[in-house]
Amino acid sequence: MTAAIPVPRPATKHSVGDDILGILCGTVVVSLGLFLLRAGGDVSGGTAGLALLLSYATPVPFGVFFFAINVPFFLLAIRSKGWGFVLRSVLAIALVSAASTFHGSADALGALALDPFYAAVAGSTLAGVGVLIFFRHGASMGGFNILGLVLQERFHLRAGYVMMTLDTIVVLSAFAVASWPVVLASGLGAVIMNLIIAFNHRPGRYVASS
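Every residue gets a number counted from 1 within its own chain, in the order that chain's sequence is written. Owing to the predicted nature of the model, reporting of local features is limited to residues with pLDDT of at least 70; listing and counting of side-chain atom pairs is limited to 80 or more, with chain, interface and lining totals taken over all residues. Only heavy atoms go into the side-chain values, all of them from the structure, while hydrogens and water stay out.

A. Spotlight on the overall build of the chain. Across its full length, the chain holds 8 helices and 0 strands. Note on exposure labels: buried denotes an accessible area under 20% of the residue type's maximum, exposed denotes more than 50%, and partly exposed covers the range between, all computed with a 1.4 Å probe on protein chains only. Across the 210 residues of the chain, 42% fall into the buried class. Areas reported as accessible are Shrake-Rupley estimates using a 1.4 Å probe. Residue values count occlusion only from the protein chains shown. As displayed, the chain has an accessible area near 11000 Å², and 72% of this comes from carbon and sulfur atoms. Each helix corresponds to a stretch of at least 4 residues labelled H or I by DSSP, and each strand to a stretch of at least 2 residues labelled E; elements are numbered beginning at the N terminus.

B. Expanded view of the layout of surface pockets. Within this scheme a cavity is a closed region of a 1 Å grid, computed over the protein atoms alone, that accommodates a 1.4 Å probe without allowing it to escape, whereas a pocket is open but has protein on both sides within 12 Å along at least five of seven lines; lining residues each have an atom within 4 Å of a point. Grid points are joined across faces, edges and corners, and a volume is the space filled by probe spheres set on the points. By volume, the largest pocket amounts to about 900 Å³. Of all the secondary structure elements, the ones that give two or more residues to the lining of the largest pocket are α1 (16-39), α2 (46-57), α3 (62-80), α4 (83-103), α5 (116-135), α6 (144-155), α7 (159-173) and α8 (180-200). Per element, the largest residue contribution to the lining of the largest pocket is 6 residues, and it comes from α2. Amino acid classes used here: Ala, Val, Leu, Ile, Met, Phe, Trp, Tyr, Cys and Pro are nonpolar; Asp, Glu, Lys and Arg are charged; the rest, including Gly, are polar. Taken together, the residues of the lining of the largest pocket break down into 23 nonpolar, 13 polar and 3 charged.

C. Representation of the environment of Gly123 in the model. With respect to the helices and strands, the residue Gly123 is situated in helix α5. Each C-alpha atom, one on Gly123 and one on Gly40, is 9.1 Å from the other, the two residues being 83 residues apart in sequence. Residue contacts follow a heavy-atom distance rule, with two residues in contact if any of their heavy atoms lie within 4.5 Å. Every residue in contact with Gly123, bar those within four places of it in the chain, is listed here: Gly33, Leu36, Leu37 and Tyr118.

D. Representation of α6 within the structure. Expected helix span is taken as 1.5 Å per residue step, with the number of steps being one fewer than the number of residues. Taking 1.5 Å per residue as the helical rise, α6 with its 12 residues ought to reach 16 Å, and the 16 Å between its terminal C-alpha atoms agrees with that figure. Taken as a whole, α6 has its buried residues at Phe144, Asn145, Ile146, Gly148, Leu149, Val150 and Gln152. Looking one or two places after α6, you find His156, whose phi comes out positive at around 60°.

E. Representation of the nonpolar core. Counting residues in each nonpolar core, the largest one holds 35 residues, and the members touching the most others are Val30, Val131, Phe134, Phe135, Met141, Ile146 and Ile197. Elements represented by at least two residues in this core include exactly α1, α2, α3, α4, α5, α6, α7 and α8. Ranked by the residues each element gives to this core, the list is headed by α3, at 6 residues. Once residues lying within four places of it in the same chain are set aside, the contact partners of Phe135 are Ser140, Asn145, Leu149, Met163, Ile197 and His201. For this analysis, a nonpolar core means a set of buried residues of the types Ala, Val, Leu, Ile, Met, Phe, Trp, Tyr and Cys, connected via side-chain atoms within 4.5 Å.

F. Highlighting the packing of α1 against α5. With axes taken as lines fitted to C-alpha atoms, and helix axes fitted only over the stretch in contact, angles between N-to-C directions fall between 0 and 180 degrees. The N-to-C vectors of α1 and α5 enclose an angle of 160°; their axes lie 7 Å apart at closest approach. By the angle between their directions, the pair α1 and α5 is classed as roughly antiparallel. For the element pair α1 and α5, the recorded crossing hand is left-handed. Residues Gly22, Ile23, Gly26, Thr27, Val29, Val30, Leu32, Gly33, Leu36 and Leu37 of α1 form the contact with α5, whose participating residues are Ala119, Ala120, Ala122, Gly123, Ser124, Leu126, Ala127, Val129, Gly130, Val131, Ile133 and Phe134. Here the word oblique covers every angle except those under 35 degrees (roughly parallel), over 145 (roughly antiparallel) and from 65 to 115 (roughly perpendicular). For any pair of crossing helices, the crossing counts as left-handed if the nearer helix is rotated counterclockwise from the farther one by less than a right angle, and right-handed if it is rotated clockwise.

G. Region of interest: the packing of α5 against α8. The geometry of α5 relative to α8 is characterised by a closest axis approach of 8 Å and an angle of 30° between their N-to-C directions. Relative to α8, the element α5 is oriented roughly parallel. At the point where α5 passes α8, the crossing takes the right-handed sense. On α8, the residues that touch Pro116, Phe117, Ala120, Val121, Ser124, Thr125, Ala127, Gly128, Val129, Val131, Leu132 and Phe135 of α5 are Pro181, Leu184, Ala185, Leu188, Gly189, Ala190, Ile192, Met193, Ile196, Ile197 and Asn200. Taken together, the residues of the contact of α5 with α8 break down into 18 nonpolar, 5 polar and no charged.

H. Region of the structure containing the pattern of salt bridges. The term salt bridge refers to a side-chain nitrogen of Lys or Arg lying within 4 Å of a carboxyl oxygen of Asp or Glu. Applying the stated rule across the entire model yields 1 salt bridge. Across the salt bridge formed by Glu153 and Lys81, the nearest N and O atoms sit 2.4 Å from each other. Of the two residues, Glu153 sits in helix α6 while Lys81 sits in the loop between α3 and α4, which places them 72 residues apart along the sequence.

Shown next, in the form of structure tokens:
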């Protein structure tokens with residue numbers, strides 16, 4: 001008697017309400033993680049970290065670099081992921097930016113000074129979980145997130161490993177503007193966040209779609 005061959009289940013479709021709640025939850029988790037990273041003085045990875053490093057080296061404001069660096073990634077996303085993904089990602093970035101600012105206000109957590117290694121572990125864990133939530137509801141934090149997702153879908157490279165490689169390059173570049181303990185802590189944080197994504201966001205592991 002032969003064992004029955006399992007039949008793949010069709011992908012579950014997220015409702016609009018599912019996506020709204022998912023993006024709001026992801027916003028809270030990612031923004032709190034980024035707040036903790038900043039409170040520890042850690043250097044972030046991704047396009048935000050790259051834009052910050054470039055703004056240190058030139059008189060051009062951070063916001064100009066952040067927008068300019070993300071433009072080609074969003075053009076890639078329009079072609080590969082569609083307008084729905086791009087619009088949800090833009091919304092996620094805007095909400096995370098606003099929430100991160102609120103965490104640091106006097107009405108919320110205020111100004112904190114954390115050990116950089118504690119901030120790297122706690123903040124990166126939260127950020128990684130939040131990015132997973134965004135991915136699973138058809139959104140991202142832009143930049144390297146988009147490239148990682150596209151390469152995973154086209155070439156079966158895990159998005160977390162792609163992002164970890166790029167984030168590590170950005171963090172190591174921070175030696176020009178930060179002390180080695182901060183860079184070491186930041187590198188640890190980049191590894192933690194992207195391992196969370198790599199282990200939990202694999203082709204076929206999560207079948208719901210937006």
